Amino acid sequence: MAAENSIGRERIQLYDTTLRDGAQTTGVDFSLADKLAVMKMLDRLGIDVIEGGYPGANPLDTQLFSQKHPIRTKLSCFGMTKRAGVSASNDPGVAALLQAEADIVCYVAKAWDFHVRTALGCTLDENLDGVRESVAAALARGREAIVDCEHFFDGYKANPAYAVDVARAAHEAGAGWVVLCDTNGGTLPDEVECNVAAVIAAVPGIRLGIHAHDDTGHAIANSLAAVRAGARQIQGTLNGLGERCGNANLVTLIPTLKLKEPYASRFETGVSDEAMAGLTQLSRAFDELLNRQPNRQAPYVGASAFATKAGIHASAVLKDPRTYEHVEPQRVGNSRAVLVSTQAGRSNVLAELERLGISAPRNDQRIARLLEEVKDREAVGYAYEGADASFYVLAQRVLGRAREYFRVERFKVNVERRYNANGQLVTFSEATVKVNIDGETMISAAEGDGPVNALDRALRKDLGKYQRLIEGISLVDFKVRIFQGGTDAVTRVLIESRDETGDSWTTVGVSANIIDASFQALTDSIVYKLMRGEEADARSPGAGAVSLIL
Ligand SMILES: [Zn+2]
């Protein structure tokens, strides 16, 4: 736990909506596996609430909420308050929310009279009834209720009394939090601060949250303005994901709340100092999951955030980092870019080893070698932030703790496109792999939906004595990025694998050739599973290999 003195500090609740509002981002399409991976990241970070999605609105979210998940963070489901003209118990939307396996139901309610009349087509009172009855239904079902007041700030401008009535109705019905949303993202900080203060004055005892969008570049400033005025819940997303210009970026907000005054002295969050030291890694791993290039200029966590170009700044930073740095980069897990191959990089590697449970003496010479190896590989396109398992395999190799389970002597992949007997155009892929295990050679061949699938099947078809240990592996996700490295195009492949216990891990391969890059990621995945299996075996001596596949 963080060494934090919580005396006198007020708690700010962090509510993540990456999987709901963030999923509205153009080009973002979470799979169920993606959502589960993001939930794990947020849980580790110490976020208070995860909004997982919109059950009933799409099959994926309904599936997500069909079971409980092994996370400490509270899970919230999102949907509309009941429609006018039906009771909450007869509203299918509300029913889907109440059936969801979630701790919290977050209702979105219209707070702008113009929207109530035009979009909902009901009376202002019917809308208030909808808020009250929907909240009551959630509480009756044993859930906590939150009400997001959509378009609150625009609504407040148009009809302040009604906007406040909506917030009051939610509070009086028993909503734990009433969240003021700047849905169109056009409100500026001063106005947010005034309006939040006005609601608190008008509705004694109300607990307010803020949901800000970044359309004027003020989502962070608006969130902080709301906190100054008395809001104690902040809704946001990882890396500021979200529709249009995005939502308030929690990756920026967390260090600001924890490191900057007056927030640092007045407030605390559920994010420990240790968890914040993993923020850079988390932010980049999340971009890898989205298959997009991390923003180099992202505050705190960007590759350029603490990079100083050689010259007068760099020499001053070398004398004393405080000359050009507003916070210490290691507090957020970032590093000073000017000090290549010094303590900064080394401490990152040490932190990574610790996170992955690899013990290594701090002064071990091999740590320096590992750092060099990582740098060399990153220079040619490897990215380990999103590929823990490949880093793990590499680290164990450099530390001299990996043995060669098998050696692939050669592989061959054929892709054939032709007309079949029925005159249909078909594509066949088949792969052959020659593997050497302790001097014994095995040849396997397999067909697949595509060349990588065929190669994967052939590789895992027969690994002799290890076969039982890898049988439960399945490929969950496969991501390819092609970028310009130096003068040539480089292909980076990220593969996510899962085993029979539900554990998942990601590996990376880089090559000019997509099949070769995939091959590296596939073999890393298998080696990782074998290494982890041996560790588990060592922890329970006598259980033998059988314990590894349970
Ligand atoms: Zn929103």
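Owing to the predicted nature of the structure, the values given are computational and were not obtained by experimental measurement. (Residues numbered from 1 in each chain as written. Predicted model: local features only at pLDDT ≥ 70, side-chain atom pairs only at ≥ 80, totals over all residues.)

1. Some remarks on the overall build of the chain
We count it as follows: Numbering of helices and strands runs from the N terminus, with a helix taken as a DSSP run of H or I at least four residues long and a strand as a DSSP run of E at least two residues long. Values of the radius of gyration come from C-alpha atoms, whereas the globule rule sets the reference at 2.2 Å times the count of residues to the power 0.38. Backbone-placed C-beta atoms define the burial measure: a residue is buried with 20 or more other C-beta atoms within 10 Å of its own, exposed with 12 or fewer, and partly exposed in between. We call two residues in contact if the C-beta atoms placed from their backbones are at most 7 Å apart.
The helix and strand tally for the chain stands at 20 helices and 16 strands. A compact globule built from 550 residues would reach a C-alpha radius of gyration of about 24 Å, and the chain, at 26 Å, matches this within 12%. By its C-alpha atoms, the chain is 80 × 70 × 50 Å across when sized along the principal axes. When the 550 residues of the chain are sorted by exposure, 44% land in the buried category. Residue pairs at least 24 apart in sequence account for 66% of intrachain contacts in the chain once pairs closer than 6 positions are excluded.

2. A closer look at the pairing of strand β9 (residues 233-236)
Filter applied, for reference: DSSP calls a pair of strands paired once it identifies at least 2 bridges connecting them.
Alternating positions in β9 separate into two faces, Q233 and Q235 on one and I234 and G236 on the other, with burial throughout. Pairing analysis gives four bridges linking strand β2 (residues 13-16) to β9, with the strands arranged parallel. In the sheet register, D16 faces β9, and the bridge partner there is G236. As paired strands, strand β8 (residues 208-212) and β9 are joined by three bridges and run parallel to one another. What sits directly across from I210, in β9, is I234.

3. Brief notes about the packing of helix α16 (residues 365-379) against helix α17 (residues 388-398)
The description of two packed helices rests on the angle between their axes and on the distance between the axes. Put simply, the test is: Angles shown run from 0 to 180 degrees and are taken between the N-to-C directions of axes, each axis being a line fitted to C-alpha atoms and, for helices, limited to the stretch in contact. Convention used here: angles under 35 degrees read as roughly parallel, angles over 145 as roughly antiparallel, angles from 65 to 115 as roughly perpendicular, and any remaining angle as oblique. Each crossing gets its hand from how the near helix is turned against the far one by less than a right angle, where anticlockwise is left-handed and clockwise is right-handed. Amino acids are sorted into nonpolar (Ala, Val, Leu, Ile, Met, Phe, Trp, Tyr, Cys and Pro), charged (Asp, Glu, Lys and Arg) and polar (every other residue, Gly among them).
It is the contact of α16 with α17, at a shortest axis distance of 9 Å, that shows an interaxial angle of 135°. By the criterion of interaxial angle, the relationship of α16 to α17 is oblique. The chirality of how α16 crosses α17 is right-handed. Contacts from R366, R369, L370 and E373 of α16 reach α17 at L394, A395 and V398. Grouping the amino acids of the contact of α16 with α17 by side-chain chemistry returns four nonpolar, no polar and three charged.

4. Side note on the sheet that holds strand β11 (residues 407-419)
Spatially, the three strands line up as an open sheet ordered β11-β12-β13, and their pairing is antiparallel. Each end of this open sheet is capped by a strand with a single partner; those strands are β11 and β13 (440-448). Taking the axes of each pair of neighbouring strands and ignoring which way they run, one obtains an average angle of 10° across the sheet. Here twelve bridges tie β11 to strand β12 (residues 425-437), and the two strands are oriented antiparallel to one another. Bridge pairing in β12 links V413 to A431. Along the sheet, helix α18 (residues 451-459) contacts β11, β12 and β13; its crossing angle with β12, the most-contacted strand, is approximately 35°.

5. Some thoughts on the environment of S444
Mapped onto the elements, S444 comes out in strand β13. Given 17 C-beta atoms within a 10 Å radius, S444 is considered partly exposed. Put simply, S444 and K434 are ten residues apart on the chain and 6.6 Å apart in space, counted from C-alpha to C-alpha. If sequence neighbours within four positions are ignored, S444 has contacts with V433, A458, K461 and D462.

6. Side note on the domain arrangement of the chain
Accessible area lost on assembly of the parts is the figure often given for the size of an interface. What counts, and what does not: For the domain bounds, the source is a domain assignment made automatically or taken from a database.
Once the domains are mapped, the chain shows domain 1 (11-260) and domain 2 (407-547). Averaged C-alpha coordinates put domain 1 and domain 2 at centres separated by 42 Å.

7. As for unusual backbone geometry
With omega at 5°, the peptide bond leading from E261 into P262 counts as cis. Its location among the elements puts P262 in the loop between α10 (250-259) and α11 (263-266). Here H151, not a glycine, exhibits a phi torsion of approximately 55°, which is positive. According to the C-beta neighbour criterion, H151 is buried, with 23 such atoms within 10 Å. For D438, which is not glycine, the phi torsion reads 50° and is therefore positive.

8. Some words on the sheet that holds strand β7 (residues 177-182)
Read once around its circumference, the closed barrel built from eight strands follows the order β2-β3-β4-β5-β6-β7-β8-β9, with strand pairing classed as parallel. Across this sheet, the average inter-strand angle for adjacent strands is 25°, counted without regard to direction. Where β7 lies against β8, five bridges are found, and the strand directions are parallel. Residue L180 lies in a different strand from β8, and its bridge partner there is I210.

9. What to know about the environment of R460
In this fold, R460 is placed in the loop between α18 and α19 (467-470). For R460, a count of 21 C-beta atoms within 10 Å puts it in the buried group. Sequence-distant contacts of R460, that is, excluding residues within four places in its chain, are made with I470, I473 and I526.

10. A word on the nonpolar core
Buried together is how nonpolar side chains tend to be arranged in soluble globular proteins. Selection criterion: As used throughout, a nonpolar core is a set of buried Ala, Val, Leu, Ile, Met, Phe, Trp, Tyr and Cys residues joined through C-beta atoms within 7 Å of each other.
Counting 96 residues, the largest nonpolar core has V147, C149, V166, A170 and L180 as the members making the most contacts within it. When residues of this core are assigned to their parent elements, the largest contribution, seven residues, is made by helix α1 (residues 32-45). What L180 contacts, discounting residues up to four positions off in sequence, is C149, F152, F153, V196, V199, L208, I210 and H211.

11. Here's the deal with the confidence of the model for the chain
Formally: pLDDT expresses, on a scale from 0 to 100, how confident the predictor is about each individual residue.
Here the chain averages 90 in pLDDT, and 93% of its residues register 70 or above. Here residues 339-344 is modelled with pLDDT under 50, and outside its nearest four sequence neighbours on either side it reaches four contacts, counting other chains as well. Across residues 542-550 the pLDDT falls below 50, and counting only partners more than four positions away or on other chains, this stretch makes 14 contacts in the model.

12. As for the packing of helix α8 (residues 189-202) against helix α9 (residues 219-229)
The N-to-C vectors of α8 and α9 enclose an angle of 30°; their axes lie 8 Å apart at closest approach. As for the relative orientation of α8 and α9, their crossing is right-handed in sense. Contact residues: α8 offers P189, V192, E193, V196, A197 and I200, while α9 offers A221, N222, A225, A226, R228 and A229. For the contact of α8 with α9, the class distribution of residues is nine nonpolar, one polar and two charged.

13. A look at α17
By the criterion of burial, α17 is predominantly enclosed, with eight of the eleven residues buried. Within α17 the residues assigned to the buried category are A389, S390, F391, Y392, V393, L394, A395 and Q396. Two residues or fewer past α17, G400 is found with a positive phi of approximately 75°.

14. Section: the environment of K82
Note that K82 resides in the loop between β4 (74-80) and α3 (92-99). By the C-beta count within 10 Å, which is 26 here, K82 ends up buried. A C-alpha to C-alpha distance of 60 Å links K82 and V408, two positions 326 residues apart in sequence. Those residues in contact with K82 that lie beyond four places of it in its chain are A88, D91, V94, G130, E133 and S134.

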